[in-house]
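# Descriptive analysis of the structure
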Amino acid sequence: MRLPALRDVPRAIPREDDFSSWLRSPAVTARVGLWLGITFGLAFATGLISHWAQTPSPWLAFPTSPSWGYRVTQGTHVIAGTAAVPLLLVKLWTVFPKLLARPPRGVRELTLHGLERVSIAVLVAAAVFQLVTGLANAAQWYPWHFNFRPTHYALGWIAIGALVVHIAVKLPIIRTALTSDVDSTAQDRTGTAAGPGVMSRRGLLRTTWAATGVAVLATAGSTVPWLRHVSVLGVRSGTGPQGLPINHTAAYRGVVAAATAAAYRLTVVNGDRQVRLTLADLRAMDQTTASLPIACVEGWSAGATWTGVPVRHLLDLVGAPAGSEVLVESLQEHGGERVSTLAGNFSGHPHTLLALDLEGEPLSLDHGFPCRLIAPDRPGVLQTKWVGRLEVTA
Amino acid sequence: MRATRVALLLLGLAAGGYGGWRLLDLGWANTRATLVWLVGGVVLHDGVFAPVVLVVALLALRVIRSDRLAPAVVALVILVPLTLLAVPELGRFGARADRPTLLDRDYWLGWSVLVTLVVAAVASGTVARRLMTIRGGDDGSRDGGR
């Protein structure tokens, strides 16, 4: 058997015209692309909100209400990314022949073609990257060497930028496609069949919407309580000690001894003023009960009822002025959630608590015993557990 | 429209440029690790996933009876993306003994149930359409069906 000569290889690669499916039409691409653009827009906007919520001292204060705000935006972030998976795969399928288009002749045409190719390569690379890393992060799987949060944030800007450039380039085609019938052949590539083959365009679109719906229903129960029993692929069933899931246990963070020691004291510091409180001291103070969600950056969330001492009451003990910024430190020595900053509007909120009880029982060790921070409209990673120290910083 | 397109183009370039600057600002080691995944994603889609889909489609056209092709496509368009996005759960890569409330479902069981439900729904939908067509109703053929 003779191997094909190298000059035969380009001829063996299919050409754009070799693809004749009636379904690979701009009429289909634009309709799937519209919804894909909406999911990416939602993921980008909610991603910005999450970045803002996690910025320690933002120039514009993150709001404390509604208390369920971050729960909704971050749940939307992950749901939108999940919904984008079937949409992206179908959309890329409809345009796959374009990948095999041979470059045009002529310097100007070749340059424009090359630039568009680069912009699409950036868009596809960033889109796949965002979905893959986002879904892996939701399941706390980190098989990479980059820093997830800032990298995912940077790529969010790149993905949305490349998407907007893509829309700018394709706008006339998009507009014609969306204002014409889905069966219109006006913008089809040469070589496209004149009528339906295996299925109709409407059939493919309905199937794509169904695939998107199934993907969302199968996963959204991690944050939407009434879907909990439907979402068989959700990262969490929503159960755990005291009815609430846990990210990191006390044993994992190495705080069991410090958190259960009889010598435990909560230190509250404002300049040279300092008080040290035992757990009994905290229990003797006025308690407030509030229903607040734990809403994790990974997209899962759950509501709970917490009872504890408002942080503002503790700040009063050291004479901290209204609107003080407070650094909350955990007993844990490692981990990204070891410290968090309470901006002035959070530290003064009546429902920003050092919680001692969860659902009417003392906090379990894994939920942050002896006391944890819980505040409205705040990412779970900033709801510091096993709190050892509050320090007024501004 | 020209002004809109130019404005969108500039806006997109600015946003993308800002993202690029944020990425480079994280240091070269981080950028290099990111590039591996960026390029890897495109290679996996364009070089592996898409060709596999093409080959499967060509085989299906020869192997599957023509009136069963559309139901097969419907089932695969729903189930393949669903399976891909469930890879972190099915593989339980992020699971750890000391993190018992994460990945705390039987994902293969859930996945099997979903596959069964989707296949059953597509099959019963196909049968229902065929019955309606046989009875002389035009619902099954009006829009070309599936």
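Our subject is the structure that appears above.
Below, the structure is looked at part by part.

How each quantity is defined
- Numbering of residues starts from 1 in each chain and follows the order in which that chain's sequence is written.
- Labels are handed out in written order, letters beginning with A for the chains and numbers beginning with 1 for the ligands.
- In view of the model being predicted, local features appear only for residues whose pLDDT reaches at least 70, and side-chain atom pairs are presented and counted only at 80 or more, with totals across whole chains, interfaces and linings using the full set of residues.
- Excluded from the side-chain calculation are hydrogens and water; included are all heavy atoms of the structure.
- Patches in this entry comprise residues that are over 30% relatively accessible and not in a salt bridge; like charges within 9 Å are linked, as are nonpolar side chains (Val, Leu, Ile, Met, Phe, Trp, Tyr) within 5 Å.
- With residues, only the protein chains shown are counted as cover, and all accessible areas are computed by Shrake-Rupley using a 1.4 Å probe.
- Whenever Lys or Arg places a side-chain nitrogen within 4 Å of a carboxyl oxygen from Asp or Glu, that contact is recorded as a salt bridge.
- The helix count covers DSSP runs of H or I at least four residues long, the strand count covers runs of E at least two residues long, and both are numbered beginning at the N terminus.
- The cut-offs for exposure are 20% and 50% of the maximum accessible area for each residue type, with area from a 1.4 Å probe on protein chains only; residues under the lower value are buried, those over the upper are exposed, and the others partly exposed.
- Axis definition: a line fit to C-alpha positions, over the contact stretch in the case of helices; interaxial angles, taken between N-to-C directions, run 0 to 180 degrees.
- We call a crossing left-handed when the near helix sits turned anticlockwise from the far one by less than a right angle, and right-handed when that turn is clockwise.
- Any pair of residues with heavy atoms lying within 4.5 Å of one another is described as a contacting pair.
- Here the nonpolar group is Ala, Val, Leu, Ile, Met, Phe, Trp, Tyr, Cys and Pro; Asp, Glu, Lys and Arg are the charged ones; every other residue, Gly included, is treated as polar.
- Accessible area that two parts lose when put together, with a 1.4 Å probe and added across both, is what the buried area reports.
- Think of a polar contact as two N or O atoms within 3.5 Å of one another; within protein, one of them needs to be a possible hydrogen donor and the other a possible acceptor, and neighboring residues in sequence only count if both atoms come from side chains.
- Here, any two strands with at least 2 DSSP bridges between them count as paired.
- Centres within 6.5 Å make a pair out of two Phe, Tyr or Trp rings, where for Trp the six-membered ring is used; the pair is then stacked when the planes are under 30 degrees apart, edge-to-face when over 60, and tilted otherwise.
- In this scheme, Lys NZ or Arg CZ marks a charge over a ring once it lies within 6 Å of the ring centre and within 35 degrees of the ring normal.

### Remarks on a nonpolar patch on the surface
All names here are of chain B. There is a patch of nonpolar side chains on the surface, built from L44, V48, V52, V56, L76, V80, L84, V87 and F93 and spanning about 720 Å² of accessible area. It is helix α2 (residues 28–63) that provides the largest number of residues to the nonpolar patch, a total of four residues. The topology assignment puts V80 in helix α3 (residues 66–85). Judged by relative accessible area, V80 falls into the partly exposed class, the value being 32%.

### A few points about the packing of helix α6 (residues 201–219) of chain A against α3 of chain B
With their axes 9 Å apart at the nearest point, α6 of chain A and α3 of chain B run at an angle of 35 degrees to one another. Crossing hand, α6 of chain A versus α3 of chain B: right-handed. Along its contact with α6 of chain A, which presents T207, A210, A211, V214, A215, A218 and T219 of chain A, the element α3 of chain B presents V74, V77, I78, L82 and L85 of chain B. Residues that form the contact of α6 of chain A with α3 of chain B fall into these classes: ten nonpolar, two polar and no charged.

### Digging into the interface of chain A and chain B
Each partner contributes residues to the interface: chain A has 77 residues there, and chain B has 63 residues. Carbon and sulfur atoms make up 74% of the area that chain A and chain B hide from each other, which totals about 5,800 Å². Among the residues chain A hides against chain B, the three largest losses belong to W141, V198 and L233 of chain A. Together they make up 11% of the total. Taken together, chain A and chain B are joined by zero salt bridges. Summed over the shared surface of chain A and chain B, the number is 15 residue pairs in polar contact (both at pLDDT 80 or more). At the level of elements, α3 (69–99), α4 (107–138), α5 (148–179) and α6 of chain A are the ones that each hand at least two residues to the side of chain A that touches chain B. Considering every element that reaches the side of chain A that touches chain B, the biggest residue donor is α5 of chain A, with 17 residues.

### Let's talk about the sheet that holds strand β1 (residues 266–270) of chain A
Residues and elements named next belong to chain A. Strand order in the open sheet formed by five strands is β2-β1-β10-β5-β6, and the pairing between neighbours is mixed. The outermost strands of the open sheet, each flanked by one partner alone, are β2 (273–277) and β6 (339–342). Neighbour-to-neighbour, the strand axes of this sheet turn through a mean angle of 15 degrees, independent of strand direction.

### Section: the side chain of Q54 of chain A
By secondary structure assignment, the location of Q54 of chain A is in helix α2 (residues 26–54). Apart from residues no more than four positions distant in its own chain, Q54 of chain A is found in contact with Y70, R149, V297, P379, V381 and L382 of chain A.

### Topic: the pattern of salt bridges
Opposite charge on two side chains makes pairing possible when the charged atoms of those side chains draw close. Residues and elements named next belong to chain A. In the structure shown here, the tally under the stated rule is 14 salt bridges over all chains. Across the pair R253 and E337 runs a salt bridge whose closest N-O atoms are separated by 2.8 Å. Taken together, the positions of R253 in helix α7 (residues 250–253) and E337 in the loop between β5 (326–330) and β6 put the pair 84 residues apart, joining distant regions of the chain. Exposure remark for R253: the relative accessible area of 15% places this residue in the buried category. By relative accessible area, which is 13% here, E337 ends up buried.

### Things to note about the environment of V124 of chain A
Secondary-structure assignment places V124 of chain A in helix α4. Residues V124 of chain A and A159 of chain A lie 35 residues apart in sequence; the distance between their C-alpha atoms is 8.2 Å.

### A look at the packing of aromatic side chains
Throughout the structure, instances matching the rule amount to 15 aromatic pairs over all chains. Measuring from ring centre to ring centre gives 5.9 Å for W144 of chain A and F148 of chain A, while their planes differ by 25 degrees; the resulting arrangement is stacked. Residue W144 of chain A is classed as buried on the basis of its relative accessible area of 8%. An angle of 35 degrees between the planes, with centres 5.9 Å apart, marks the rings of Y18 of chain B and W21 of chain B as tilted. Residue Y18 of chain B and its partner W21 of chain B are located together in helix α1 (residues 2–24), separated by three residues, close to a single helical turn. For Y18 of chain B, a relative accessible area of 30% corresponds to the partly exposed category. The rings of F129, Y142, W144, F146 and F148 of chain A together with W37 of chain B are connected pair by pair, giving a single aromatic cluster. Looking at R201 of chain A, its charged tip hangs above the ring of W22 of chain A, at a distance of 3.7 Å from the centre. Over the aromatic face of Y252 of chain A sits the side chain of R99 of chain B, whose NZ or CZ is 6.0 Å from the ring centroid.

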